[in-house]
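Overview (structure and organization)
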Amino acid sequence: MGTAADLPPGPWLPFFASAVAAGFPSPADDYAEGELDMRDLLGASSPSVFFCRAEGWSMRDEGIRDGDVLVVDRAVEPESGMIVVAAVDGELTVKRYVRRGQRVILLAANPEHDPIELHDGQELVVWGVVTSHVGFHLPAGKGLRRVAA
């Protein structure tokens with residue numbers, strides 16, 4: 001598996017430094033004030049960063065929807081409360097990592113999904129900590145092209 005750092009430099013995109021109001025926009029904010037490299041923004045220049053796609057709705061209340069792209073850093077040590085990509089007995093999942101004493105529980109952010117409580121003999125391998133994600137607001141086939149890995 002390659003890393004995000006293996007990608008060639010992407011195009012620099014216009015960056016509007018002014019915050020975008022959720023109300024009436026200001027005409028004074030119509031001018032780009034710099035450029036933004038998405039790899040720098042996402043921390044993807046590090047060889048420890050990789051991307052993967054979320055599947056399903058178990059993390060919807062954290063804003064992670066089916067099809068979103070997760071930015072995952074293998075170099076970040078998981079701490080209780082962080083969202084991680086992990087393998088439980090070989091099955092990949094994205095969940096909130098919670099440590100209670102010596103026990104680890106993986107919590108969904110959707111009440112329709114039960115917590116994953118790890119028991120003796122189960123294998124947990126944390127692949128990395130989710131540092132950010134890219135979400136999509138248009139239906140598939142409209143606007144941005146969702147590329148497959």
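This text follows the structure it describes.
Notes on the structure follow. Predicted model, so just to flag it, every value in this text is computed and none were measured.

About the criteria used
- Residues numbered from 1 in each chain as written.
- Predicted model: local features only at pLDDT ≥ 70, side-chain atom pairs only at ≥ 80, totals over all residues.
- Heavy atoms only, no water.
- Helix = DSSP H or I, 4+ residues; strand = E, 2+ residues; numbered from the N terminus.
- Buried < 20%, exposed > 50% of the residue type's maximum accessible area, 1.4 Å probe, protein only.
- Lys, Arg positive; Asp, Glu negative; His and termini not counted.
- Salt bridge = Lys/Arg side-chain N within 4 Å of Asp/Glu carboxyl O.
- Polar contact = N/O pair within 3.5 Å; in protein donor to acceptor, adjacent residues only side chain to side chain.
- Contact = heavy atoms within 4.5 Å.
- Pairing = 2+ DSSP bridges.

Turning our eyes to something else, we now look at unusual backbone geometry. At Asp-89, a residue that is not glycine, the phi angle is positive and equals roughly 50°. Along the chain, Asp-89 turns up in the loop between strand 5 (83–88) and strand 6 (91–100). On the basis of relative accessibility, which here comes to 43%, the residue Asp-89 falls in the partly exposed class.

It is worth spelling out the side chain of Asp-68 at this point. Its location among the elements puts Asp-68 in the loop between strand 3 (49–53) and strand 4 (69–73). No salt bridge is formed by the buried Asp-68. Its closest oppositely charged neighbour is Arg-65, at 4.2 Å. Here Arg-65 takes part through its backbone nitrogen, which lies 2.9 Å from a polar atom of the side chain of Asp-68. Those residues in contact with Asp-68, other than ones at most four positions away along the chain, are Cys-52, Arg-53, Ala-54, Gly-63, His-133, Val-134, Gly-135 and Phe-136.

Read from one edge to the other, the open sheet built from 7 strands follows the order 3-4-9-5-6-7-8, with strand pairing classed as antiparallel. The open sheet has two free edges, formed respectively by strand 3 and strand 8 (116–117), since each of these has just one partner strand.

For the rest of this paragraph, the subject is the pairing of strand 4. Strand 4 sits mainly inside the fold: 5 of its 5 residues count as buried. Alternating positions in strand 4 separate into two faces, Val-69, Val-71 and Asp-73 on one and Leu-70 and Val-72 on the other, with burial throughout. By the bridge criterion, 5 bridges tie strand 3 to strand 4 in an arrangement that is antiparallel. Bridging from a neighbouring strand, Phe-50 pairs with Val-72 of strand 4. Pairing geometry for strand 4 and strand 9 (residues 124–134), over 5 bridges, is antiparallel. From the neighbouring strand, Val-72 faces strand 9, where its bridge partner is Val-130.

Keep in mind these values describe shape, not function.
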